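If you want the building blocks of each chain, they are given just below.
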Amino acid sequence: QVQLVESGGGLVQAGGSLRLSCTASGRTFRRPMAWFRQAPGKEREFVATIHWNGDRTYYSDSVEGRFTISRDNAKNTVYLQMTSLKPEDTAVYYCAIGLLWRTTDRSGYDGWGQGTQVTVSS
């Protein structure tokens, strides 16, 4: 059983930056990690994913070039650096641990954190 705990959310003005962290415990060895987000009234959507060894990443079109996912396997932690934030980035951000590399569908992930709120004001 993997447990994931996110942190780093908050309120930021448009154009600002935030860094989210997700610390994992349990069996995370050689598994991809990802970030999803869910805005009020919307489906949870894929944001970014990173290969277990950190050398491959993949982003949704909406965040490509603005967000960067990274991981430190020694610390069992994955990060999401968010820059040039927009009001439409407002959502609860969830960390997830995956079954296969480069899966963007929720069904490809079998462990989830509790989420951290990100609010971007205009």
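Scroll up a little and you will see the structure.
Our subject in this report is the structure included herewith. For clarity, every value in this text was computed on a predicted model and none was experimentally measured.

**Quick notes on the pattern of salt bridges**
The full count for this structure, using the stated rule, is 5 salt bridges. As a salt-bridge pair, E45 and R37 come within 2.6 Å of each other at their nearest N and O atoms. For E45, a relative accessible area of 36% puts it in the partly exposed group. With a shortest N-O distance of 2.8 Å, R66 and D89 are connected by a salt bridge.

**Section: the state of the cysteines**
Tallied over the full model, the rule gives 1 disulfide. Through a disulfide, C22 is tied to C95; the S-S separation comes to 2.1 Å. Disulfide C22 to C95: torsion about the S-S bond roughly -80°, handedness left-handed. Taken as a pair, C22 in strand 3 (residues 18-25) and C95 in strand 9 (residues 91-98) lie far apart in primary sequence, 73 residues in all. Residue C22 is classed as buried on the basis of its relative accessible area of 0%. C95 sits in the buried class, given a relative accessible area of 0%.

Cut-off values and rules
- Throughout this description, residue numbers start from 1 for each chain and increase along the sequence as written.
- Given that the model is predicted, a residue must reach a pLDDT of at least 70 before its local features are reported, and side-chain atom pairs must reach 80 or more before they are shown or counted; all residues, however, enter totals for whole chains, interfaces and linings.
- Note that the side-chain values use all heavy atoms of the structure and ignore hydrogens as well as water.
- Basic side-chain nitrogens of Lys or Arg form a salt bridge, by our definition, when they fall within 4 Å of a carboxyl oxygen of Asp or Glu.
- Exposure categories follow from relative accessible area, calculated using a 1.4 Å probe and restricted to protein chains: below 20% of the type maximum is buried, above 50% is exposed, and the middle band is partly exposed.
- For this text, the term disulfide refers to a pair of cysteine sulfurs within 2.5 Å.
- A run of DSSP states H or I qualifies as a helix once it reaches four residues; a run of E qualifies as a strand once it reaches two. Both are numbered from the N-terminal end.

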